[in-house]
Amino acid sequence: MKRLWMAVVLVTLAAGGYGAWWWWQQSGASASASTTSGKAKGKGKGGPLFVKAATAVAKPMPVLIEAVGTVEPEHSVQVRAQVSGVLQSVQFREGDMVKPGQLLFQIDGRTFEAQYRQSQAQLARDQAQLENAKVQQERLEPLLKREFITRQEYDVAVTSTKSLEATVAADRALMEQARIQLEYTRIHSPIAGRTGTLAVKPGNLVPASGGGIPLVTINSTDPILVSFSIPERQLEEIRRYQFEKDMRIEIVVDRSGPAAAEGKLVFIDNTVTPQTGTVVLKTRVLNKDEILWPGQFVNVRIILRIEPEAVVVPEAAVQPGQDGSFVYLIDPASKVVVQPVKVARQIGKEVVIAAGVKPGNQVITEIPQALEAGATVRLAGAESKGGAPDKGKKGKDGKKGGKKPEGKAEG
């Protein structure tokens with residue numbers, strides 16, 4: 001009996017194992033078929049990529065050389081005292097614009113005024129003595145003719161007169177010197193410009209010009225100079241166009257923005273700097289609104305001439321690559337073509353292409369992540385051509401087709 005039960009258990013286990021194996025095989029086959037079917041369905045190509053593009057155009061563009069420059073004043077004066085004394089007053093505020101001849105500082109001038117008056121008195125004394133000597137000479141002259149006096153006595157009178165004339169001339173020079181020293185106590189602006197930091201405050205002793213720092217520095221701001229350097233290899237080209245009317249120099253504060261000022265070339269240094277192989281140039285520009293400031297770094301564009309038919313594309317269309325710059329072109333079949341280009345120059349947000357693109361070519365300006373050569377693209381916002389069938393308009397009854405059939409009205 002026990003053997004019978006054991007046989008029944010073994011048969012049951014064998015049947016269960018076979019059933020589990022059969023079910024596993026069927027499940028695997030079904031999953032494989034489902035995966036294969038899914039792959040087959042997804043194997044076809046997806047829809048075209050939507051991109052934004054621009055058309056390359058031919059238009060006049062400048063041929064230019066770019067450099068970095070420094071703004072510097074055309075005139076700069078360090079104002080120093082020419083006489084020593086106590087600074088009594090300052091007649092301007094730091095940073096003010098001043099005019100030529102405007103009073104800036106007043107130094108205590110009482111000592112110099114006293115010296116000036118002393119020289120005046122000395123001159124008056126010597127002039128009186130000179131007048132007396134002349135009168136004496138005139139009195140002795142007729143006596144000499146009548147031989148009432150000797151020639152020696154007359155010559156002494158003449159010598160005295162000439163000596164006093166020289167003394168009076170010296171006194172006038174001393175008086176003029178004293179007057180100039182007195183005028184030096186009033187310091188005036190020698191140029192028109194903007195004042196800087198005030199170095200000495202009222203009440204302090206001001207040394208003469210031999211020592212100490214300047215009282216103030218005045219820089220002219222309109223017009224103003226911009227100094228910049230170019231490589232020596234570009235000097236010949238600049239000199240060739242130097243006197244052409246199209247050649248001009250633009251000063252740009254923001255590299256991507258418009259020109260802040262425009263001027264002509266006014267200076268070319270007479271030597272090449274050996275350490276850098278560059279030549280210093282300067283331009284003078286109007287600066288009425290003081291957009292440019294002395295010491296400021298700016299971008300300089302030297303426009304040599306105008307190229308009438310330059311091929312131009314947006315900056316966003318040009319991409320950097322290992323072998324140089326390139327753009328994505330859209331061919332007539334709406335396929336993407338990777339086109340290497342030679343960039344001539346960039347002006348603002350426009351790039352001039354020397355080779356690789358022709359006017360009328362469409363270049364992609366916004367690059368999708370999945371974009372690659374040969375991909376089919378469609379311009380964003382463009383209407384579909386030969387795409388999905390037109391679904392038509394729905395009528396009031398919700399069915400396709402906008403027209404109702406003619407006939408009876410609906411009840």
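For the structure itself, look to the data block above.
Cut-offs used in this document
Residues numbered from 1 in each chain as written. Predicted model: local features only at pLDDT ≥ 70, side-chain atom pairs only at ≥ 80, totals over all residues. Heavy atoms only, no water. Helix = DSSP H or I, 4+ residues; strand = E, 2+ residues; numbered from the N terminus. Expected span 1.5 Å × (residues − 1). Buried < 20%, exposed > 50% of the residue type's maximum accessible area, 1.4 Å probe, protein only. Contact = heavy atoms within 4.5 Å. Salt bridge = Lys/Arg side-chain N within 4 Å of Asp/Glu carboxyl O. Core = buried A, V, L, I, M, F, W, Y, C linked by side-chain atoms within 4.5 Å. Pairing = 2+ DSSP bridges. Phe/Tyr/Trp six-rings, centres within 6.5 Å; stacked < 30°, edge-to-face > 60°. Lys NZ or Arg CZ within 6 Å of the ring centre and 35° of its normal.

**Looking at helix α3 (residues 151-183)**
Reasoning step 1: Across its 33 residues, α3 extends 48 Å between first and last C-alpha, which sits within 8% of the 48 Å expected from 1.5 Å per residue.
Reasoning step 2: All of the buried residues in α3 are Tyr154, Ala157, Val158, Thr161, Leu164, Val168, Asp171, Met175 and Ala178.
Reasoning step 3: Elements in contact with the buried residues of α3: α2 (110-145).

**With respect to the pattern of salt bridges**
Reasoning step 1: Scanning the entire structure with this criterion turns up 16 salt bridges.
Reasoning step 2: Between Asp96 and Arg93 there is a salt bridge whose closest N-O contact spans 3.9 Å.
Reasoning step 3: We classify Asp96 as partly exposed; its relative accessible area is 24%.
Reasoning step 4: Under the relative-accessibility criterion, Arg93 is labelled exposed at 64%.
Reasoning step 5: Between Glu262 and Arg248 there is a salt bridge whose closest N-O contact spans 3.4 Å. Of this pair, Glu262 sits in strand β13 (residues 261-268) while Arg248 sits in strand β12 (residues 248-252), and the two are 14 residues apart along the sequence.

**Observations regarding the nonpolar core**
Reasoning step 1: Judged by nonpolar contacts, the single largest core of 23 residues is most densely connected at Phe228, Ile238, Ile251, Leu292, Val300 and Ile302.
Reasoning step 2: Listed by contribution, the elements that provide at least two residues to this core are β2 (57-73), β11 (224-231), α4 (235-241), β12, β13, β14 (278-285) and β15 (297-314).
Reasoning step 3: Non-local contacts of Phe228, meaning those with residues more than four positions away in its chain, are made with Ala67, Val68, Gly69, Ile249, Leu265, Val279, Val280, Leu281, Lys282, Thr283, Val300 and Ile302.
Reasoning step 4: Judged by nonpolar contacts, the second largest core, of 16 residues, contains Val79, Ala81, Val200 and Val216.

**Points about the environment of Glu74**
Reasoning step 1: Examined against the element boundaries, Glu74 turns out to sit in the loop between β2 and β3 (76-79).
Reasoning step 2: Classification of Glu74 as partly exposed rests on a relative accessible area of 25%.
Reasoning step 3: For the pair Glu74 and Leu225, spaced 151 residues apart in sequence, the C-alpha to C-alpha distance is 5.7 Å.
Reasoning step 4: Ignoring anything within four residues of it in the chain, the contact list for Glu74 reads Ser220, Pro223, Leu225 and Arg284.

**Topic: the sheet that holds β3**
Reasoning step 1: The antiparallel open sheet is built from four strands, whose spatial order is β3-β10-β8-β5. If you trace the sheet from one side to the other, it starts and ends with β3 and β5 (97-98), each paired once.
Reasoning step 2: Two strands pair when backbone bridges link them, and strand β8 (residues 193-195) and strand β10 (residues 216-219) are joined in this way by two bridges, in the antiparallel orientation. From the neighbouring strand, Thr195 faces β10, where its bridge partner is Ile218.

**Some details on the packing of aromatic side chains**
Reasoning step 1: Enumeration over the complete set of coordinates arrives at two aromatic pairs.
Reasoning step 2: When the centroid spacing of 5.4 Å and the interplanar angle of 85 degrees are considered together, the rings of Phe92 and Phe105 count as edge-to-face. Taken together, the positions of Phe92 in the loop between β4 (85-90) and β5 and Phe105 in strand β6 (residues 103-107) put the pair 13 residues apart, joining distant regions of the chain. As far as burial versus exposure is concerned, Phe92 and Phe105 are alike and both buried.
Reasoning step 3: With a centroid separation of 5.4 Å and 85 degrees between ring planes, the pair formed by Phe326 and Tyr328 is classed as edge-to-face.
Reasoning step 4: Over the face of the ring belonging to Phe267 we find Lys282, whose NZ or CZ atom lies 5.6 Å from the ring centre.

**What to know about the environment of Ser325**
Reasoning step 1: In this fold, Ser325 is placed in the loop between β15 and β16 (326-330).
Reasoning step 2: Along the backbone, Ser325 and Val341 are 16 residues apart, and their C-alpha atoms lie at a distance of 5.7 Å.
Reasoning step 3: Residues contacting Ser325, with those up to four places away along its chain left out, are Val318, Gln319, Pro340, Val341 and Val343.

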